[in-house]
Each structure stands twice: as structure tokens, then as C-alpha cells.
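Observations on chain architecture
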There are 2 protein chains.
Amino acid sequence: MFEKYVKLLKENSIKITPQRLEILKYLDENRTHPTADQIYTGLKEKNPSLSKTTVYNSVETLEEHGLIQSLTISGSESRYDFRNDMHHHFLCKKCGTIIDIDIKCPNIGKMLESGHKVEEVHGYFKGICKDCMKKETKQNGS
Amino acid sequence: MFEKYVKLLKENSIKITPQRLEILKYLDENRTHPTADQIYTGLKEKNPSLSKTTVYNSVETLEEHGLIQSLTISGSESRYDFRNDMHHHFLCKKCGTIIDIDIKCPNIGKMLESGHKVEEVHGYFKGICKDCMKKETKQNGS
DNA sequence: ATGTTAAATTGTAATGATTACAACTTAGAA
DNA sequence: TTCTAAGTTGTAATCATTACAATTTAACAT
Ligand SMILES: [Mn+2]
Ligand SMILES: [Mn+2]
Ligand SMILES: [Zn+2]
Ligand SMILES: [Zn+2]
């Protein structure tokens, strides 16, 4: 059940705790880029002793070690992503969904020449997602 | 003094108020991507009656009309940019500076094919800026 | 120029996400 | 099994942002 996450934590010399395992598993199984609160609520029922502070502490640790990444796409709250590889995101202003966009940033080469040391790359698009566009079209009849 | 900003507001049919003119001028003259609080503090002395709520209201209006744009690069607070054209940013984790990166995103073409309606494009790089790298090199002697 | 009114400004209070902190618990090493 | 540094928990504090109601004002019509 948790072997995969135990392995991940061990490989990164992070202490193995039930809370961290649950949070990792939740993020792995919920690729919706959930907020800290969504992680907390999603796990609280099966883990009644879980504290929201622990969720914050855990995602911070996991991010520091590069196991997960956090997104500041929405402004009001951080979102967490099990995927730690570089990829872009699309935020739908209508339904709030955050979609993975699997494209590489071709600008990294230029950034390396700039003299700045690049450690993170974030690409965010915002607009109306495909599904919401379909719904709009239906309503308008156009 | 303010003709430029009066013109901008008029062109966009936004009511002209002293506060909006001051805020626009501040953003034009401070291309550091300041926070709402920095705008407020920067103007408060010369405009003692200014309210922080007005700063929030004003930047919201200005952004809605496309006169300025807001960045969610830092996570903890929004930053405002007089430039409204598409460009990328670099956030230095050491000194906190946000630098304009004048490159276009070559991925927009692909996004148009995706079926999603793209309204905003944000590209953020994070790391250590050129200046902070120089200082580090001096210290390490390497 | 004056009056009118919808919109803008202001100050304060409420909200909501995140962090600080101190007491308690536990994972992992010896 | 014992020990202890690290992790967890609950609560309180912080900080950015928003809500709201009273006051003021920009822009338009007279
Ligand atoms: Mn993702
Ligand atoms: Mn900029
Ligand atoms: Zn949508
Ligand atoms: Zn720097």
C-alpha cells in the first residue's frame, strides 16, 4: 500500500511518518493540484488526529527535498503537485481547474546565458478551459 | 505631471481620481513590481488621506481594464507591474528582486491548438540573480 | 456655475491562509 | 529497550486581502 512512498522518503533521507505517507499518497492519487486545506479535509476522516499544521509542515519538507512542487498560480492559496518534473499549467478562470500542460520552456537556454542561476521554472496560462468553452458555445448557440 | 496618466485613464473610460493618478504614476516610476503595501507606503507621506483599501481597489480596476498586470510569483503577496505587455520574470530567492525577462513564450501556438482559450501567459523563473551570484563568488573565493 | 447622482474613497472590522509556539509523541539510532 | 532529536498537534498570532457602511467626489445635466 505505502511501499512506494516509503521508498521515496527513504531515498531522500526523510523520516518516515504515517502522516507524510498519507499526504504523499493523497497527492499521488489526486493530481488536481490540491490546496493544503483540500489535502487536510481529504485525509481527516480516515486520520482524525491529523493536524492542518502537519499538512503545512509536511508539504514544506517534501518540497524542500524536491519530492513535490508547489504552485502559486492562483494567488490566494498555494497548490501542491505530486509531479516534480518541469511542466506548465493552465488555470481555468471559470471552473478553477488546473490542467497539466506538457511542454518544455525553450527559453531556458537564454536564461543560462543571462548570468542568473535558474533553480525553478514556472509557466502558467490562464483563461477558459476546453470543457467550459463547450458549455458556453451550447448556451450561446453560436 | 499627470497628463500621461490622465490620458491613459480617459482612453479606457476609467474615472479620473487623484488616487488613481498617483498609483499609476508610482507604478510607472517604480518598476520593481511593488506590493500593495509598498505602493501605499510610498504614497502615504505625500497623500496622507490615502487608504490602503483604495490601493487595492485601484490596482484591481486598473488590472481589469488591462492598464497594469499583477503577478503571483511570490506566493505571499500580489505584485503589480506597470508594464502590461507579455513578458517573463525572474525572482531572486536571495535578495527578493523581481527582474523583467524580455522573452516571448513560443508555446502559445501549441496552446491555441489545445482548445483552451488562453487569456493570460505568465512565465516565472526563480533562483539567484546575477548580482547575488557575484557576491557569493567573492565570499567563497571560488 | 450649480445641482444631482452613481461611483470612488476611507476607516474599520471581518475573513482566510499561513506561521509561531509550546506541550506532547514518536521514529530511528544506539 | 532506551534515548533523543525530530515530528505532530492544537491554539494563538500574523499578515494579506476583502466586506461594509459612511462620507466624499468626478462627471454629467441643468
Ligand atoms: Mn502539474
Ligand atoms: Mn515586469
Ligand atoms: Zn473550466
Ligand atoms: Zn539577488
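Parameters at a glance
Residues numbered from 1 in each chain as written. Chains lettered and ligands numbered in written order. Predicted model: local features only at pLDDT ≥ 70, side-chain atom pairs only at ≥ 80, totals over all residues. Heavy atoms only, no water. Donors = N, O, S within 2.8 Å, 3.2 Å for Na, K, Ca; no water. Buried < 20%, exposed > 50% of the residue type's maximum accessible area, 1.4 Å probe, protein only. Contact = heavy atoms within 4.5 Å. Buried area = accessible area lost by both parts, 1.4 Å probe. Salt bridge = Lys/Arg side-chain N within 4 Å of Asp/Glu carboxyl O. Helix = DSSP H or I, 4+ residues; strand = E, 2+ residues; numbered from the N terminus. Nonpolar A, V, L, I, M, F, W, Y, C, P; charged D, E, K, R; others polar. Pairing = 2+ DSSP bridges. Least-squares fit on C-alpha atoms with pLDDT ≥ 70 in both. Near = heavy atom within 4 Å. Polar contact = N/O pair within 3.5 Å; in protein donor to acceptor, adjacent residues only side chain to side chain.

Topic: the coordination of the manganese ion (ligand 1)
Residues and elements named next belong to chain A. Coordination of the manganese ion (ligand 1) by the protein comes from His 33 (NE2), Asp 81 (OD), His 87 (NE2), His 89 (NE2) and Asp 100 (OD), over a distance range of 2.0 to 2.3 Å. Written as a sequence motif, the donor arrangement for the manganese ion (ligand 1) is H-x47-D-x5-H-x1-H-x10-D. A relative accessible area of 3% means that Asp 81 is categorised as buried. Overall, His 87 belongs to the buried group, its relative accessible area being 3%.

Focus on the interface of chain A and chain B
Every contact between the two is made by 33 residues of chain A and, on the other side, 33 residues of chain B. Of the roughly 2900 Å² buried between chain A and chain B on both sides combined, carbon and sulfur atoms contribute 61%. The three residues of chain A that bury the most area against chain B are His116(A), Phe125(A) and Lys126(A), which together make up 19% of that side's buried surface. Where chain A touches chain B, the interface holds four salt bridges. Among the secondary structure elements, those contributing two or more residues to the side of chain A that touches chain B are β3 (88-92), β4 (98-101), α5 (108-113), β5 (117-128) and α6 (130-140) of chain A. Sort the elements by how many residues they give to the side of chain A that touches chain B and β5(A) lands first, with 12 residues. Of the residues in the side of chain A that touches chain B, the class split is 15 nonpolar, 10 polar and eight charged. Taken together, the 11 bridges between β5(A) and strand β5 (residues 117-128) of chain B define a ladder with antiparallel strand orientation. Directly across from Gly127(A), in β5(B), lies its bridge partner Val118(B).

Comments concerning the relation of the copies chain A and chain B
Between the two copies of the chain lies a relationship made up of a rotation around an axis and a movement along it. For these two chains of identical sequence, chain A goes onto chain B by a turn of 180 degrees and a shift of 0.0 Å along the axis, with RMSD 0.0 Å. Expressed as a symmetry operation, the mapping of one chain copy onto the other fits a two-fold axis. If distances are taken from each C-alpha of chain A to the rotation axis, the shortest is found for Gly123(A), at 2.3 Å. Most of the interface of chain A is mirrored in chain B: 100% of its interface residues are interface residues there too.

As for the protein's contact with DNA strand D
Taken together, 18 residues lie around DNA strand D, and Thr17(A), Thr54(A), Ile16(B), Tyr56(B) and Ser78(B) are the ones closest in. Restricting the count to atoms of DNA strand D within 4 Å of the protein gives a sugar and phosphate share of 81%. Separating a phosphate oxygen of DNA strand D from a side-chain N or O atom of Arg20(A) is a distance of 3.0 Å. Within the side chain of Glu77(B), one N or O atom sits 3.4 Å away from a phosphate oxygen of DNA strand D. It is helix α4 (residues 52-64) of chain A that provides the largest number of residues to the surface near DNA strand D, a total of three residues.

Overview of the protein's contact with DNA strand C
Neighbouring DNA strand C are 18 residues; Ile16(A), Tyr56(A), Ser78(A), Thr17(B) and Thr54(B) lie closest to it. Among all atoms of DNA strand C positioned within 4 Å of the protein, those belonging to sugar or phosphate total 81%. Ile16(A) has a polar backbone atom sitting 2.7 Å from a phosphate oxygen of DNA strand C. Contacts to DNA strand C include Thr17(B), whose side-chain N or O atom sits 2.5 Å from a phosphate oxygen. If you list the elements that add at least two residues to the surface near DNA strand C, you get α4 of chain A together with α2 (18-29) and α4 (52-64) of chain B. At three residues, α4(B) tops the list of elements feeding residues into the surface near DNA strand C. Classifying every residue of the surface near DNA strand C gives four nonpolar, 10 polar and four charged.

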